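# Close look at the chain arrangement
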Amino acid sequence: MKVSQIEFPSPKGTITWYTFTNSGGASVTLSTLGAGIVAVNVPDKNGRIDNVCLGYADGADYIADGPCLGKCPGRYANRIANGHLVVGDKEYSLAINNGPNALHGGPEGFQNQNWKAELKDNGVIFTYHSKDGEEHYPGNLDVVAEYNWNDKNELSLEFRAKSDADTVVNLTNHAYWNLKGADAGCILDHEMRIDAEGWLPTDRTQIPNGEIAPVAGTPMDFRKLKKIGADINADFEALKIGKGYDHCWAVSGWEPGVMHDVVTLKEDESGRELLVSSDQPGVQIYTGNWLSGSPRNCSGRSYNDYEGVAIEMQGFPDAPNKPQFPSQFLKASEEYRRNIRFTFR
């Protein structure tokens, strides 16, 4: 495995990008900023290698970007209603940064921190120490995001975390994919399949109402391969709220600790396919509805809306306030461990 690196000065200190190139010439680039995925270069059906992961030209541009491009948000990815959190017998008021709600751990969050890195032959172990009270969350939390890249064009990501006090944790990666190429334009013609019989309806602020509704007969039905744009403009309240897909699906047959093939993404022109597997109970699909105005990419322009799709394997949004959802509480000294695998073929 060939390994190279590049550094960028930033207000967060030196940001380092590590690139790992396998025996077939495919590569991934990972960043210390937010333990992020910056690029994934894989072959198309003709063997041409191109980047399929949306990214910015400058490492410092990832700091506090709206789209959270490629990074690992936390301490709690997705939304918590009104920033209201109760752990044990204590109530916490989290920072409000998305309408009336807390999103992705707050305005700083793990995604805007410069993580420490330990280089391996085929990947990186990123670590971050989140202090007790950071963004108003309880407990000193030590977090690990370990990436591995192999000759089969599989990128695996394992999260581990331990706290010295009871807390909540929900970790994911927020990469955006365009299998035609990161600068190839709209992704609404991509086909997608989600192994999910149910999805989580929300209120107008995108907080789940607590039920898991059947996808059957709705635009949320991706049990068979379907173009992302086939129903995105349907007369369906959830799609109007989010200006497209920005919703969580409940993984069919989910069992704690068991890896499951959840999402298939395909693009005919390139012949590329991405399979996303995980042991997490939910997947948030976000069709890049608000990408416009993002920092410049490598071709010198900002992305437009719907030029990438984020496939975020995670726990359910607002689960700490919804006891019927799979728990995201972490007891002191217990280990949080979750896995995601991206397979390109």
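First things first, this report covers the structure right here in the doc. (Residues numbered from 1 in each chain as written. Predicted model: local features only at pLDDT ≥ 70, side-chain atom pairs only at ≥ 80, totals over all residues. Heavy atoms only, no water.)

When you line up the elements, Ser 163 lands in strand 13 (residues 154-163). Its relative accessible area of 5% is what places Ser 163 among the buried residues. Looking at Ser 163, its side chain comes within polar contact range of the main-chain oxygen of Ala 165, at 2.6 Å. (Helix = DSSP H or I, 4+ residues; strand = E, 2+ residues; numbered from the N terminus. Buried < 20%, exposed > 50% of the residue type's maximum accessible area, 1.4 Å probe, protein only. Polar contact = N/O pair within 3.5 Å; in protein donor to acceptor, adjacent residues only side chain to side chain.)

Let us look at unusual backbone geometry. With an omega dihedral of 10 degrees, the bond running from Gly 74 to Arg 75 counts as a cis peptide bond. Tracing the chain through its elements places Arg 75 in the loop between strand 5 (49-51) and strand 6 (79-80). Unusually for a residue other than glycine, Asn 78 sits at a positive phi of about 70 degrees. Mapping Asn 78 onto the fold places it in the loop between strand 5 and strand 6. Under the relative-accessibility criterion, Asn 78 is labelled buried at 2%.

We now examine the sheet that holds strand 24 (residues 309-314). Spatially, the 6 strands line up as an open sheet ordered 15-24-23-20-17-18, and their pairing is antiparallel. Either end of the sheet is taken by a strand with one partner, and the two such strands are strand 15 (176-177) and strand 18 (213-214). Relative to strand 20 (residues 246-250), strand 17 (residues 198-199) runs antiparallel, the two sharing 2 bridges. Looking at strand 20, one finds that Gly 198 is bridged to Ala 250. (Pairing = 2+ DSSP bridges.)

Of the pockets and cavities examined, the largest pocket occupies roughly 520 Å³. Every residue lining the largest pocket is counted, 27 residues in all, and those nearest its centre are Gly 66, Pro 67, Asn 98, Leu 103 and His 104. Here the residues of the lining of the largest pocket sort into 10 nonpolar, 12 polar and 5 charged. If you go around the second largest pocket, the residues you meet are Trp 254, Pro 256, Gly 257, Asp 279, Pro 281, Pro 326, Ser 327, Gln 328, Arg 337 and Arg 338. (1 Å grid on protein atoms, 1.4 Å probe; cavity = no way out; pocket = protein on both sides within 12 Å on 5 of 7 lines; lining within 4 Å. Points joined across faces, edges and corners; volume = space filled by probe spheres on them. Nonpolar A, V, L, I, M, F, W, Y, C, P; charged D, E, K, R; others polar.)

Turning next to the nonpolar core. Core analysis: the largest hydrophobic core is formed by 64 residues, its most contacted members being Val 40, Trp 177, Trp 249, Ile 285 and Ile 311. Among the elements that line this core, the one with the most residues is strand 12 (residues 141-149), at 5 residues. If we skip the residues at most four places from it in the chain, Trp 177 touches Val 40, Val 52, Cys 53, Leu 54, Ile 187, Leu 265, Leu 274, Gly 308, Val 309, Ile 311, Phe 342 and Phe 344. Counting residues in each nonpolar core, the second largest holds 16 residues, with Phe 8, Val 38, Ala 39 and Leu 54 among its members. (Core = buried A, V, L, I, M, F, W, Y, C linked by side-chain atoms within 4.5 Å. Contact = heavy atoms within 4.5 Å.)

Bridge count for strand 1 (residues 2-8) against strand 2 (residues 15-21) is 7 bridges, and the pairing is antiparallel. From the neighbouring strand, Phe 8 faces strand 2, where its bridge partner is Ile 15.

Quick look at the pairing of strand 23 (residues 282-286) now. When you tally the buried positions in strand 23, you get 5 out of 5 residues, the bulk of the element. The alternating pattern of strand 23 places Gly 282, Gln 284 and Tyr 286 and Val 283 and Ile 285 on opposite faces, both of which are buried. Pairing of strand 20 with strand 23, which is carried by 5 bridges, proceeds in the antiparallel orientation. Looking across to strand 23, one finds that His 247 is bridged to Ile 285.

On their own, these measurements won't tell you what the molecule is for.
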